[in-house]
Amino acid sequence: MIQYVTKSLPITDLYLTQYGKEKCLPAHDHGPAMRDYYLIHYIFHGKGTFKVGKNTYHLKEGQGFLICPDTITYYQADEAEPWHYYWMGFNGYQADNLLNQANLSRENPIFDTSLHYQLTQQFEQLCNNKMADQRDELESIGQLYLLLSLLACGQTKDEATDSSDKHIKYVSQVVDFIKMNYANKITVAEIASLIGLNRSYLSSIFKKYMNQSIQGYLIQHRIQVAKELLRKKEITIGDIARSVGYSDPLLFSKVFKKVCGISPLNYRKACVHTNK
């Protein structure tokens, strides 16, 4: 068993209390017991049973369960195929709201995910953080947000429209971010981090709905803005390059010609000729 307990932290929007990884022995159990914080277990191998109130859930790999504060629960590993799981304990003013976004609550404590690989990778990153200093502490809180985001994105539901609505929302957030920040040096990884999603997952959603990559859309938008600016002959090509996110005018010219099939200078000349 690997377990880490965080330092004492003030009550804030969201904070970790503990986290870890365990390969349980056959019939290993815990409880009945109560906690004063939220606790999520995610099963990455094997099977087991989770009991809360009058409900009993038989769970397996790719599933998980939520334990809410001040709730008596009991869980036990299967005798033949004992489960191996990650866990994370957390609390904070925003905990309940974030769990609701992942469709998790006292009434609905079980989840399935379609993002098994991403979720296990994120848990591994969290468990590799030993809370050595304040920087690691802040990093772990960031990973907690990412894990809750993955839970919200990866839940398997019959309501396909719910998933579609979420995807459209993420695509809109990417488009809005690019339109507001195209003049700055931005990366796909930065966009994914700000939205709170795994980079590859966000990229796949965006390509599905927009039929192009996020980077491709960013370049396309920059060039479209540049075309409008090139019609204003008082603005130099160097200034235009910097205005659309390219510190190197030569790189801007190369990208512009690749997209438009003509250099920025010749495009400007063509615009002037057309206006005449």
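Criteria and cut-off values
- Residues numbered from 1 in each chain as written.
- Predicted model: local features only at pLDDT ≥ 70, side-chain atom pairs only at ≥ 80, totals over all residues.
- Heavy atoms only, no water.
- 1 Å grid on protein atoms, 1.4 Å probe; cavity = no way out; pocket = protein on both sides within 12 Å on 5 of 7 lines; lining within 4 Å.
- Points joined across faces, edges and corners; volume = space filled by probe spheres on them.
- Helix = DSSP H or I, 4+ residues; strand = E, 2+ residues; numbered from the N terminus.
- Nonpolar A, V, L, I, M, F, W, Y, C, P; charged D, E, K, R; others polar.
- Salt bridge = Lys/Arg side-chain N within 4 Å of Asp/Glu carboxyl O.
- Axes fitted to C-alpha atoms, helices over the stretch in contact; angles between N-to-C directions.
- Parallel < 35°, antiparallel > 145°, perpendicular 65-115°, else oblique.
- Contact = heavy atoms within 4.5 Å.
- Patch = residues over 30% accessible without salt bridge, like charges linked within 9 Å, V, L, I, M, F, W, Y side chains within 5 Å.
- Areas by Shrake-Rupley, 256 points an atom, 1.4 Å probe, with all protein chains shown as cover.
- Buried < 20%, exposed > 50% of the residue type's maximum accessible area, 1.4 Å probe, protein only.
- Polar contact = N/O pair within 3.5 Å; in protein donor to acceptor, adjacent residues only side chain to side chain.
- Arc of directions from axis to C-beta.
- Pairing = 2+ DSSP bridges.

(A) Just the layout of surface pockets, in detail. By volume, the largest pocket amounts to about 380 Å³. Sorting the residues of the lining of the largest pocket by element identifies helix H1 (95-101), helix H3 (134-154), helix H4 (160-181) and helix H5 (188-195) as the ones contributing at least two each. If one sorts the elements of the lining of the largest pocket by residue count, H3 sits on top with six residues. Classifying every residue of the lining of the largest pocket gives ten nonpolar, four polar and two charged.

(B) Summary view of the pattern of salt bridges. Scanning all chains against the criterion turns up three salt bridges. The shortest N-O distance in the salt bridge between Glu124 and Lys21 comes to 2.7 Å. Placement of Glu124 in helix H2 (residues 116-127) and of Lys21 in strand E2 (residues 15-23) is noted, with a sequence separation of 103 residues between them.

(C) The arrangement of the packing of H5 against helix H6 (residues 199-210) in detail. Packing of H5 against H6 leaves a shortest axis separation of 9 Å and a crossing angle of 95 degrees. Classed by the angle they form, the pair H5 and H6 counts as roughly perpendicular. Residues Val188, Ala189, Ile191, Ala192 and Ile195 of H5 pack against Arg199, Leu202 and Ser203 of H6. Broken down by class, the residue content of the contact of H5 with H6 amounts to six nonpolar, one polar and one charged.

(D) Expanded view of a nonpolar patch on the surface. A cluster of nonpolar side chains, contributed by Ile168, Tyr209 and Met210, occupies part of the molecular surface with about 230 Å² of accessible area. Looking at the secondary structure, you find Met210 in helix H6. The class of Met210 is partly exposed, set by a relative accessible area of 30%.

(E) Spatial organisation of the packing of helix H7 (residues 214-230) against helix H9 (residues 249-260). Two elements in contact, H7 and H9, have axes whose closest approach is 11 Å; the angle formed by their N-to-C orientations is 100 degrees. Classified by the angle their axes make, H7 and H9 are roughly perpendicular. Facing H7, whose interface residues are Ile219, Ile223, Ala226, Lys227 and Leu230, H9 presents Phe252, Val255, Phe256, Val259 and Cys260. Taken together, the residues of the contact of H7 with H9 sort by class into nine nonpolar, no polar and one charged.

(F) Quick peek at the environment of Thr49. Mapped onto the elements, Thr49 comes out in strand E5 (residues 47-52). Sequence separation between Thr49 and Tyr75 is 26 residues, and the spatial gap between their C-alpha atoms is 5.5 Å. Within the structure, Thr49 has its side chain in polar contact with the side chain of His58 (distance 3.3 Å).

(G) Structural detail: H5. Within the span of H5, buried status applies to Val188, Ile191 and Ala192. Projected down its long axis, H5 carries its buried residues within an arc of 95 degrees, all on one side. Facing away from the buried surface of H5 by more than 90 degrees, the exposed residues are Ser193 and Leu194.

(H) Here's a closer look at the sheet that holds strand E6 (residues 55-60). If you walk across this open sheet you meet the four strands as E3-E8-E5-E6, and the pairing is antiparallel. With one partner strand each, in any of the chains shown, strand E3 (29-33) and E6 form the two edges of the open sheet. Adjacent strand axes in the sheet meet at a mean angle of 15 degrees when their direction is disregarded. Sheet topology places E5 next to E6; six bridges connect them, and they run antiparallel.

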